[in-house]
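Letter by letter, the chains look like this.
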Amino acid sequence: MATFLTATLGAALLALPGSAAAATPDVVIAEVYGGGGNSGAPFANDYVELHNRGGSPVSLAGWSVQYASASGTSWSAAALSGSIAAGGRYLVRLAGGTSGAGSALPAADASGSLNLSATTGKVALVTSTAALGCGSNCDTAAGVRDFVGFGGANDYEGSAAPAGSNTTSVARTNVAADGDDNGADFAAGAPSPQNTSGSGGGGGTCAYPSTRIRQIQGAAHKSPMAGSAVNDVRGVVTAVSSTGFWFQDPCADGDPETSEGVLVYTSSAPSVTVGDEVAVKATVTEFRPGGTATTNLATTELTAPTVTKLGTRALPAATVVGTGGRVPPAAVIDDDASGDVEVSGTFDAATDGIDFYESLEGMRVQVNNPVATGPSTSFGEIPVLADDGAGASVRTTRKGIAIRSADFNPERVILDDAVLAASTPAGVNVGDHFSGPAVGVLDYAFGNFKLELTGALTRVAGGLTAETTAAAGTGEVSVAAFNVENLDPTDPQSKFDGLARQIVTSLAAPGIIAVEEIQDDNGASDTGVVTAGQTFAKLIAAITAAGGPAYDWRSVDPVNNADGGEPGGNIRVGFLFRTDKVQFTGGTPGAAATAVAASASGNAADPVALNVNPGRISPSNAAFNASRKPLVGKFTVNGKPLFVIANHFNSKGGDDPLFGRVQPPKRSSETQRNQQAQLVANFIAQVRAIDTNARVVVAGDLNDFDFSATVAKLTAVGMKDLPAALPEAERYTYVFEGNSQVLDHILISPSLVSAGYAYDVVHTNAEFAGQLSDHDPQVVRLKI
């Protein structure tokens, strides 16, 4: 019975060769544009473009392109003639608008008077010239070779394709494929009409006579032809820089793992322009930005080129990254390499993010409805998600995207303006949108794939505002941590005033603040000055001017240039504290090299004594070489002792980039942070061995994630990491390359946990282009 049904069904399908019910084997509708001649239109006429995805030429004699309105039942036809070569295009010029806008189309292969809607309608490729009589249900009608319903059309294959406009067409994202689902197969984008002008030595054909770009790129991170001389490599120029140009094969082969675009390095300004069809003679070269010793991936280039212009040609359609196009992996950057990804592991563009973007290297790429997940930078970079972040996880409550231990968000795309200066707008905050789709060529630099824009965008503000937190209540004290980013008296008064407003208003004037990145009294001038009294005094004066309460400060001056940071800046941690809320317990301040130690006091009400207050933890230990030393301060709150440890652990500088050649990335800086965390943990254990109910707070910039081994060293001695207890969508204090993540922590001892607390990361900086610090402050309200 199964055999009989299969044979019968096969016969039925063969009896209707023009039906669109099965994937069309050869000629398909590649693009529909109905805005021709309308206001703002790039072209003067509507058009339909066809593509032959088959392996043999197809005669179009006696065929037609037909059109009906979105809900219409009356069809009109434009007759076709001639043939379309295997892999070729065929352009049908249709009616034009009345505004006079737009350029002339390339020479058409057929023409008609059909007047398409710019936004919604139905187009059929029919194997006769007789107008269809199937009314409003024609996608599977006899004689219909291919069918596209777009916008609000009442008939379509699978689901409707998106709407077009005066400035956008509806085009296949992959002309070599036909999934019989208009919604999945088509995307809206910039119109790119292409015709066929036969074969031969000139341009305009898909029958290129020599090596194709996809053969040069290969399905790998390095070209299989590296070092080889190539001749007559053809394509269309898609972008031009001051030292080269990108060009792309206009006739893709449908293999998603081989890029159709490549960079031609000319060393000086090239003579080509966008839209030129060229033939290139050159050497295939792998160039590694930063030199061979860096962890950057190599990019494939054609060097020492001889370039011949063949004519002009419409740009290849941009590959959509996201809905309606190629969807990037949602979690995995690489899961099969062991070391150098260029020589180990499996190249898999479907599952590995690093391979996905490599397969698009040098190609035109389009990101629809991009939303910013990080602020714009001074380098013109903006990290975004496609499709307003649809399908991405985990989105933060403020429209960013948070990292997890096994998910560093490969779906992020970084927009850049290296090709078109100022094409990325300034002042972009997390959650902002843009004036249109982001279109450009995909390049690689500084450890990241970047979409180099070829059309400028403007910012559409998302309305993000800075947060505030609640003040401490009766019987509570609030303890905050705040990285003030290299603060010194030479900074403008506006920075001091802005930080003061955040302390007074956003943080509700905490009782104690562990401050990081306080510099000495003359900043990064390397004069031997190590004192920071002027820095603290200027900040306290600004707090007073902002309406805040009286604060005092404590710190320990470091040895000159011994604690890392900017040379001469003598960065350190310290304490600000409200004199009306807390008291700094008496004691002798420690010196730079004096290690703080705890001992039993013999006083039941205050069991733990310190040899110095404030004092530094293990300042001579190699774990703190060229790094900030933790500072212990003993405070009295409501008559009870409270130990606060201010920290600024070793930075992540030197770690491998997420999209670097070493996979999985090596985080070499973790070794020193783990050692630092262990020394802090040892001190906490010393205190709690004397008084198991000791009130201890660890606060500051630990420079590591909530799921890190560094933090685990501290939780192993009973401390509770407060950011780790937040919901995933709220778990971040820092934004790096569009990834929201925890670097700053407050941990509290069991006695403080059991007494009750309220914790808040106060988002005032990290998500904003205009930031006073690159870190968000955090605060915990404790019941003492």
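Nothing here was measured: the structure is a model prediction, and the numbers come from that model.

Trainee: Please set out the overall build of the protein chain residue by residue, giving values where relevant.
Mentor: In terms of regular secondary structure, the protein chain is built from 9 helices and 45 strands. Expressed as lengths along the three principal axes of its C-alpha atoms, the size of the protein chain is roughly 105 × 60 × 55 Å. Looking at the protein chain residue by residue over its 784 residues, the buried ones come to 57%. Here the analysis covers contacts within the protein chain between residues at least 6 apart in sequence; of these, 69% occur between residues at least 24 apart. Separation of charge centres in the protein chain, based on 47 positive and 76 negative side chains, amounts to 5 Å.

Trainee: I'd like a rundown of the sheet that holds strand E12 (residues 186-189), residues and numbers included.
Mentor: An order of E8-E7-E2-E1-E11-E12 is seen for the 6 strands of this open sheet, with the pairing classed as mixed. Edge positions in the sheet fall to strand E8 (110-111) and E12, since each has one partner strand and no second. Taken together, the 4 bridges between strand E11 (residues 169-172) and E12 define a ladder with antiparallel strand orientation. The residue bridging Ser169 from the neighbouring strand is Gly189, located in E12.

Trainee: Which residues make up the packing of aromatic side chains, and what are the values?
Mentor: Evaluation of the coordinates by the stated rule reveals 17 aromatic pairs. For the ring pair Phe584 and Phe635, a centre distance of 5.0 Å and an interplane angle of 90 degrees mean the geometry is edge-to-face. Of the two residues, Phe584 is situated in strand E32 (residues 583-584) and Phe635 in strand E36 (residues 631-637); the sequence distance between them amounts to 51 residues. Taken together, the ring pairs connect Phe356, Tyr357, Tyr444, Phe449 and Phe659 into an aromatic cluster. The ring centre of Phe705 lies 4.1 Å from the NZ or CZ of Lys652, which sits over that ring.

Trainee: Just give me the short version of the environment of Thr377, but keep the residues and values in it.
Mentor: Its location among the elements puts Thr377 in the loop between strand E21 (371-372) and strand E22 (382-385). You can call Thr377 partly exposed: its relative accessible area is 34%. Linking Thr377 and Ala426, residues 49 residues apart in sequence, is a C-alpha distance of 7.7 Å.

Trainee: Could you give me a rundown of the pattern of salt bridges, with the residues and numbers involved?
Mentor: Scanning all chains against the criterion turns up 31 salt bridges. Among the charged side chains, a salt-bridge network with shared partners connects Arg212, Arg214, Asp249, Asp253 and Glu260.

Trainee: Let's hear about the sheet that holds strand E17 (residues 299-312): which residues, and what values?
Mentor: Strand order in the closed barrel formed by 5 strands is E13-E14-E15-E17-E16, and the pairing between neighbours is mixed. When the angles between neighbouring strand axes are averaged without regard to direction, this sheet yields 55 degrees. In the sheet, strand E16 (residues 276-287) pairs with E17 via 11 bridges, with the strands oriented antiparallel. Following the sheet pairing, Thr285 is matched in E17 by Glu301.

Trainee: Before we move on, can you summarise helix H5 (residues 493-506) with the specific residues and values?
Mentor: In a regular helix each residue adds 1.5 Å, so 14 residues correspond to 20 Å; H5 covers 19 Å between its end C-alpha atoms and thus fits that length. Taken as a whole, H5 has its buried residues at Lys495, Phe496, Gly498, Leu499, Ala500, Gln502, Ile503, Val504 and Ser506. Against the buried residues of H5 lie strand E28 (476-487), strand E29 (512-518), helix H6 (533-545) and strand E30 (551-555). Directly after H5, the chain includes Ala508, whose backbone phi takes a positive value near 60 degrees.

Trainee: Please set out the side chain of Ser169 residue by residue, giving values where relevant.
Mentor: You can see Ser169 is positioned in strand E11. You can call Ser169 buried: its relative accessible area is 1%. Polar contacts involving the side chain of Ser169 include one to the side chain of Glu31, which spans 2.6 Å.

Trainee: Could you give an account of the pairing of strand E45 (residues 778-783), naming the residues involved and the relevant values?
Mentor: A large share of E45 lies buried, amounting to 5 of its 6 residues. Two strands pair when backbone bridges link them, and E28 and E45 are joined in this way by 6 bridges, in the antiparallel orientation. Directly across from Val477, in E45, lies its bridge partner Leu782. Pairing of strand E44 (residues 757-761) with E45, which is carried by 5 bridges, proceeds in the antiparallel orientation. Bridge assignment links Val761 to a residue of E45, and that residue is Gln778.

Trainee: Describe the confidence of the model for the protein chain, naming the residues involved and giving the relevant values.
Mentor: Averaged over the protein chain, the pLDDT score is 93; the fraction of residues at 70 or greater is 96%. Note on residues 1-20: pLDDT under 50 across the span, and 16 contacts to partners over four residues away in sequence or across chains. Taken as a whole, residues 198-202 scores under 50 in pLDDT and shows 8 contacts with residues more than four places along the chain or in a different chain.

Trainee: Got a sec to walk through the side chain of Ser669? Specific residues and values, please.
Mentor: Residue placement: Ser669 occurs in the loop between strand E38 (662-663) and helix H7 (670-690). Leave out the neighbours within four places in its chain, and Ser669 touches Asn650, Ser651, Lys652, Gly653 and Asp655.

Trainee: So what's going on with unusual backbone geometry? Residues and values would help.
Mentor: Excluding glycine, most residues fall at negative phi; most peptide bonds, likewise, are trans. Between Ser393 and Val394 the backbone carries a cis peptide bond, its omega angle lying at 5 degrees. Position of Val394 among the secondary structure elements: in the loop between E22 and strand E23 (413-416). With omega at -10 degrees, the peptide bond leading from Gln663 into Pro664 counts as cis. Mapped onto the elements of the fold, Pro664 is located in the loop between E38 and H7.

Trainee: An account of the nonpolar core is requested, with residue identities and associated values reported.
Mentor: With 33 residues, the main nonpolar core has Leu415, Phe449 and Leu451 as its most contacted residues. Elements with a contribution of two residues or more to this core: helix H4 (353-358), strand E20 (364-367), E22, E23, strand E25 (438-445) and strand E26 (448-453). Excluding its chain neighbours within four sequence positions, the residues that come into contact with Leu415 are Gly380, Glu381, Ile382, Val384, Thr424, Ala438, Leu451, Leu453 and Leu457. Among the nonpolar cores identified, the runner-up in size contains 29 residues, and Ala514, Ile748, Leu752 and Leu782 belong to it.

Trainee: How would you summarise the pairing of strand E1 (residues 27-33) if you had to cite specific residues and measurements?
Mentor: With respect to burial, E1 is a largely interior element, 7 of its 7 residues being buried. Sheet topology places E1 next to strand E2 (residues 45-52); 6 bridges connect them, and they run antiparallel. Along E2, the bridge assignment pairs Ile29 with Leu50. In terms of strand pairing, E1 meets E11 through 2 bridges, oriented antiparallel. Its bridge partner being in E11, Val32 is matched across the sheet by Val170.

Trainee: Please give an account of the environment of Ser494 that cites residues and values.
Mentor: Within the secondary structure layout, Ser494 lies in helix H5. Taking the relative accessible area as the measure of exposure, Ser494 reaches 49% and is therefore partly exposed. C-alpha of Ser494 to C-alpha of Leu772: the two residues are 278 residues apart in sequence and 9.3 Å apart in space.

Trainee: A description of the packing of H5 against H6 should follow, citing residues and the corresponding values.
Mentor: At a minimum axis separation of 8 Å, H5 and H6 run at an interaxial angle of 60 degrees. As judged from the angle between their axes, H5 and H6 are oblique. Once H5 is placed against H6, the crossing between them reads as right-handed. Judged by residue contacts, Gln493, Phe496, Asp497, Leu499, Ala500, Ile503 and Val504 of H5 engage Thr535, Lys538, Leu539, Ala542 and Ile543 from H6. Tallied by class, the residues present in the contact of H5 with H6 amount to 8 nonpolar, 2 polar and 2 charged.

Thresholds, definitions, all that
- Residues numbered from 1 in each chain as written.
- Predicted model: local features only at pLDDT ≥ 70, side-chain atom pairs only at ≥ 80, totals over all residues.
- Heavy atoms only, no water.
- Helix = DSSP H or I, 4+ residues; strand = E, 2+ residues; numbered from the N terminus.
- Buried < 20%, exposed > 50% of the residue type's maximum accessible area, 1.4 Å probe, protein only.
- Contact = heavy atoms within 4.5 Å.
- Lys, Arg positive; Asp, Glu negative; His and termini not counted.
- Charge placed at Lys NZ, Arg CZ, Asp CG, Glu CD.
- Pairing = 2+ DSSP bridges.
- Phe/Tyr/Trp six-rings, centres within 6.5 Å; stacked < 30°, edge-to-face > 60°.
- Lys NZ or Arg CZ within 6 Å of the ring centre and 35° of its normal.
- Salt bridge = Lys/Arg side-chain N within 4 Å of Asp/Glu carboxyl O.
- Axes fitted to C-alpha atoms, helices over the stretch in contact; angles between N-to-C directions.
- Expected span 1.5 Å × (residues − 1).
- Polar contact = N/O pair within 3.5 Å; in protein donor to acceptor, adjacent residues only side chain to side chain.
- pLDDT = per-residue confidence, 0-100.
- Core = buried A, V, L, I, M, F, W, Y, C linked by side-chain atoms within 4.5 Å.
- Parallel < 35°, antiparallel > 145°, perpendicular 65-115°, else oblique.
- Left-handed = near helix turned anticlockwise from the far one by under 90°.
- Nonpolar A, V, L, I, M, F, W, Y, C, P; charged D, E, K, R; others polar.

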